[in-house]
Amino acid sequence: MDLSHVLEIASSTDPGMVRSHNEDAVATDAAHGIAVLADGMGGYNAGEVAAGMATTVITAELARALRDVQPYEIDPKTDRPTAERLLREQVLSANASIYQAAQSQPQYAGMGTTLVTCLFYDNRVMVAHLGDSRLYRLRGEQFEQLTRDHSLLQEQIDSGLLTAEQAKTAQHKNLVTRALGIDLGIEPEIHEHACKPGDIYLLCSDGLCDMVSDEDIGMALQALGANLNLAAQQLVQMANDNGGRDNVSVILVRVLREYPAARGVMAKFLAWLK
Amino acid sequence: MAKLILSMDGLVLKEIPLVKERTTIGRKPHNDIQIDNLAVSGEHAVIVTIMNDSFLEDLGSTNGTMVNGSSVKKHFLQGNDVIELGKYKLKYLAEVGQPVGTSAADFEKTMVLRPSTMKTAAEQARAMAPASTAPSAEGTHPQPKPAAAEAMRAVAAQQVASAAISAGTASRPESMATASVPQAAKAAQPLGAIQILSGGNAGKELELIKPLTTLGKPGTQVAVLTRRPHGYYITHVEGAQHPTVNGQSIGSSPHALKDHDVIEIAGVKMEFFLKS
């Protein structure tokens, strides 16, 4: 099913005001409903390599896998939609590729990347994430974070060591507890959310949410939702205006209309004719 | 070795290496750094140095201690911090080329915590550093591989944090400029406002306090006024028609607004002006 007329996608990535390298990477594929954002880490240009590998490998491999299977079909083994299995498989395979590269080439030793990946299908979005890159959703007036960071900070908040208020000014915002390419035994966190027409999804690296408050991000999306490209640029600009201490990347995805999967023989046949 | 540069009115008076664990600052002669000025208390402040880290603590001085313009009780000194006691300034210079820097940039770089390396590093840290000196844990390790270094730095950061939380008295590194930068920028910038000149709402005034203010009719023509550190900008959002400023169409890129510019959006004229 071609989703390019259902999803409007805009993205922007910027090195920020302080860093010379951009270790973030973004990739999107509207036709297959894929959006991937990664925030790389590791010396020299290794972070860029890890993030670039993650986004390109996952986007291409997911698109290829979608040719053979329907993401909405229930996988008999797990009793969950196939989309979940596809995402897990692709994340793990990208993880293995990055890990191998890091092991075999000394200049890439220790490289890794955070990841947030969305797969839109059948009026739903399946999201997989690792680390502190986030997914937000603007629905009507409500702007909320859908992913929970895998970070030391989040764990401290969860265990009651820090309040959300203290966390805003904490010094160790940057320590993630899960990442792609660091270890072979990783587990991406995967969740499914129902989509509604008019929803705007925001994938972003910590360069945005560390510099701009959620309130201001939500306000910008509400004000500029009509012009997605402008909204993406505005978010990057707001992060840079506030200091731009890290690379800033955003992907915005707007759901234009309903997109139920074509089920049944006739629907499939019609879809095939297209 | 970290050091302090004492100066007054831009004149360098003295260079003081931080060799002792406690370096006291005050007016009385028994202090390590004596500043004979009535604005300085007898025992004004102390700098505790543990390995590569220095912590400044105000000792309940009458006139207080400022670091980089804000008053502090306790402060984890970062390279190039300026401590002010009355008219005197002490610039803190961290050791150059130290193996593990703890500059703000280092703390912001995204790093991963690896449970396996973490554990050994944490055990080492515990063995080598008693609780009170936990923040210095990172300095006590040799620095071989970047991977291990990362984990150790992570441990140190965690300990700094948890020490601060549990004890409540430990010198917790002050929050970085992240939060204060935008506020400072906003405060320095004059507030802009819009006065509507034509149409049903003529005469109405709208203060541009928010970072973004949208104007126009959704579906027909919308523009956004953005408040940025160096001024206000107008940008076209949607609609076939683009807004005009002083009669000129602005196109689709952001346009900087000057005091008393006349804007027209969706047939409504309005004047932008800066409030002092």
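As the structure is a prediction and not an experimental result, all values here were calculated from the model. (Residues numbered from 1 in each chain as written. Chains lettered and ligands numbered in written order. Predicted model: local features only at pLDDT ≥ 70, side-chain atom pairs only at ≥ 80, totals over all residues.)

The next thing to look at is the overall build of chain A. Scanning chain A for helices and strands turns up 8 helices and 13 strands. Across the 274 residues of chain A, 53% fall into the buried class. Excluding contacts between residues fewer than 6 apart, the proportion of contacts in chain A whose partners are at least 24 apart in sequence is 70%. (Helix = DSSP H or I, 4+ residues; strand = E, 2+ residues; numbered from the N terminus. Buried ≥ 20, exposed ≤ 12 C-beta atoms within 10 Å, placed from the backbone. Contact = placed C-beta atoms within 7 Å.)

Turning next to the nonpolar core. Among the nonpolar cores identified, the biggest contains 102 residues, and A:Ala54, A:Cys118, A:Leu119, A:Leu203, A:Leu208, A:Leu235 and A:Val250 are the most heavily contacted of them. Dropping the residues within four chain positions of it, A:Cys118 is found in contact with A:Ala35, A:Val125, A:Val127, A:Leu135, A:Tyr201, A:Leu203 and A:Val253. In terms of nonpolar packing, the next biggest core, distinct from the first, is built from 18 residues, B:Ala2, B:Leu56, B:Phe76 and B:Ile83 among them. (Core = buried A, V, L, I, M, F, W, Y, C linked by C-beta atoms within 7 Å.)

Residues and elements named next belong to chain B. Backbone geometry at Asn68 places phi at a positive 50°, although glycine is not the residue there. On the secondary structure map, Asn68 appears in the loop between strand E7 (65-67) and strand E8 (70-72). In this structure, Ala266 takes a positive phi of about 50° despite not being glycine. Tracing the chain through its elements places Ala266 in the loop between strand E21 (261-265) and strand E22 (268-274). Accessibility expressed as a C-beta count within 10 Å gives 16 for Ala266, which makes it partly exposed.

Looking now at the sheet that holds strand E6 (residues 112-121) of chain A. Picture the strands of a sheet paired through backbone hydrogen bonds; they go either parallel or antiparallel. Residue and element names in this part refer to chain A. If you walk across this open sheet you meet the 5 strands as E2-E3-E6-E7-E11, and the pairing is antiparallel. Edge positions in the open sheet fall to strand E2 (24-29) and strand E11 (189-194), since each of these has one partner strand only. Neighbour-to-neighbour, the strand axes of this sheet turn through a mean angle of 10°, independent of strand direction. As defined by bridge partners, strand E3 (residues 34-41) adjoins E6 across 8 bridges and the pair is classed as antiparallel. Note that in E6 the partner of Ala35 across the bridge is Cys118. Strand contacts of helix H1 (residues 46-68): E2, E3 and E6, with the helix running at about 160° to E3, the strand carrying the most contacts. (Pairing = 2+ DSSP bridges. Axes fitted to C-alpha atoms, helices over the stretch in contact; angles between N-to-C directions.)

For any two helices packed against each other, one specifies the inter-axial angle together with the distance between the axes. Residue and element names in this part refer to chain A. For the pair H1 and helix H2 (residues 82-104), interaxial distance at closest approach is 9 Å and the crossing angle is 140°. Taken as a pair, H1 and H2 cross one another with a handedness that is right-handed. Residues Ala50, Met53, Ala54, Val57, Ile58, Glu61, Leu62 and Ala65 of H1 touch H2, and the partners they reach there are Leu86, Gln90, Val91, Ser93, Ala94, Ser97 and Ile98. Residue composition of the contact of H1 with H2, grouped by class: 11 nonpolar, 3 polar and 1 charged. (Left-handed = near helix turned anticlockwise from the far one by under 90°. Nonpolar A, V, L, I, M, F, W, Y, C, P; charged D, E, K, R; others polar.)

In this model helix H7 (residues 228-241) of chain A runs 20 Å from its N-terminal to its C-terminal C-alpha over 14 residues, within 8% of the 20 Å that 1.5 Å per residue would give. For H7(A), a buried count of 11 out of 14 residues is recorded, marking the element as mostly surrounded by other parts of the structure. Every buried residue of H7(A) is accounted for by A:Leu230, A:Ala231, A:Ala232, A:Gln234, A:Leu235, A:Val236, A:Gln237, A:Met238, A:Ala239, A:Asn240 and A:Asp241. On the buried face of H7(A), the contacting elements are strand E1 (7-14), helix H5 (206-209), helix H6 (214-224) and strand E13 (248-255) of chain A together with strand E16 (221-228) and strand E17 (231-238) of chain B. (Expected span 1.5 Å × (residues − 1).)

On to the sheet that holds strand E4 (residues 33-34) of chain B. Residues and elements named next belong to chain B. The mixed open sheet is built from 5 strands, whose spatial order is E4-E3-E5-E6-E9. Two strands close off the open sheet at either side, each with one partner strand: E4 and strand E9 (74-76). Where strand E5 (residues 45-50) lies against strand E6 (residues 53-58), 6 bridges are found, and the strand directions are antiparallel. Counted as the bridge partner of Val48 is Phe55 from E6.

What follows deals with the pairing of strand E10 (residues 81-85) of chain B. All names here are of chain B. Residues of E10 alternate between two faces, with Asp81, Ile83 and Leu85 buried on one and Val82 and Glu84 left unburied on the opposite face. Alignment of E7 against E10, held across 2 bridges, turns out to be antiparallel. What sits directly across from Met66, in E10, is Glu84. Two elements, E10 and strand E11 (residues 88-93), share 5 bridges in a ladder whose sense is antiparallel. Within the sheet, the bridge partner assigned to Val82 lies in E11 and is Lys91. Counted along the chain from E10 to the antiparallel partner E11, the turn is 2 residues long, and its residue Gly86 has a positive phi close to 60°.

Moving on, we come to the environment of B:Leu59. All names here are of chain B. Within the fold, Leu59 resides in the loop between E6 and E7. A C-alpha to C-alpha distance of 9.4 Å links Leu59 and Ile25, two positions 34 residues apart in sequence. Not counting the four nearest positions on each side in its chain, Leu59 is found in contact with Glu43, His44, Ala45 and Val46.

It is worth spelling out the pairing of E3(A) at this point. Residues and elements named next belong to chain A. Summarising burial for E3: 8 of the 8 residues are buried, a large majority. Both faces of E3 are covered, namely the face carrying Ile34, Val36, Ala38 and Gly40 and the face carrying Ala35, Leu37, Asp39 and Met41. Across 6 bridges, the pairing between E2 and E3 is antiparallel. Counted as the bridge partner of Asp24 is Asp39 from E3. In this structure, the hairpin formed by E2 and E3 is closed by a connection of 4 residues, where Gly33 is found at a positive phi of approximately 70°.

We now examine H6(A). By the burial criterion, the buried members of H6(A) are A:Ile217, A:Ala220, A:Leu221, A:Ala223 and A:Leu224. Buried residues along H6(A) cover an arc of 170° about the axis, so they all sit on one side. (Arc of directions from axis to C-beta.)

In this section: the confidence of the model for chain A. The predicted structure's coordinates, where accompanied by low pLDDT, should not be read in detail. Mean pLDDT over chain A stands at 90; residues scoring 70 or higher make up 95%. By mean pLDDT, helix H8 (residues 265-273) of chain A is the weakest element of chain A at 63, and strand E12 (residues 200-204) of chain A is the strongest at 97. (pLDDT = per-residue confidence, 0-100.)

Residues and elements named next belong to chain A. Tracing the chain through its elements places Ala46 in helix H1. Along the backbone, Ala46 and Gly112 are 66 residues apart, and their C-alpha atoms lie at a distance of 8.0 Å. Sequence-distant contacts of Ala46, defined by excluding residues within four places in its chain, comprise Gln107, Tyr108 and Met111.

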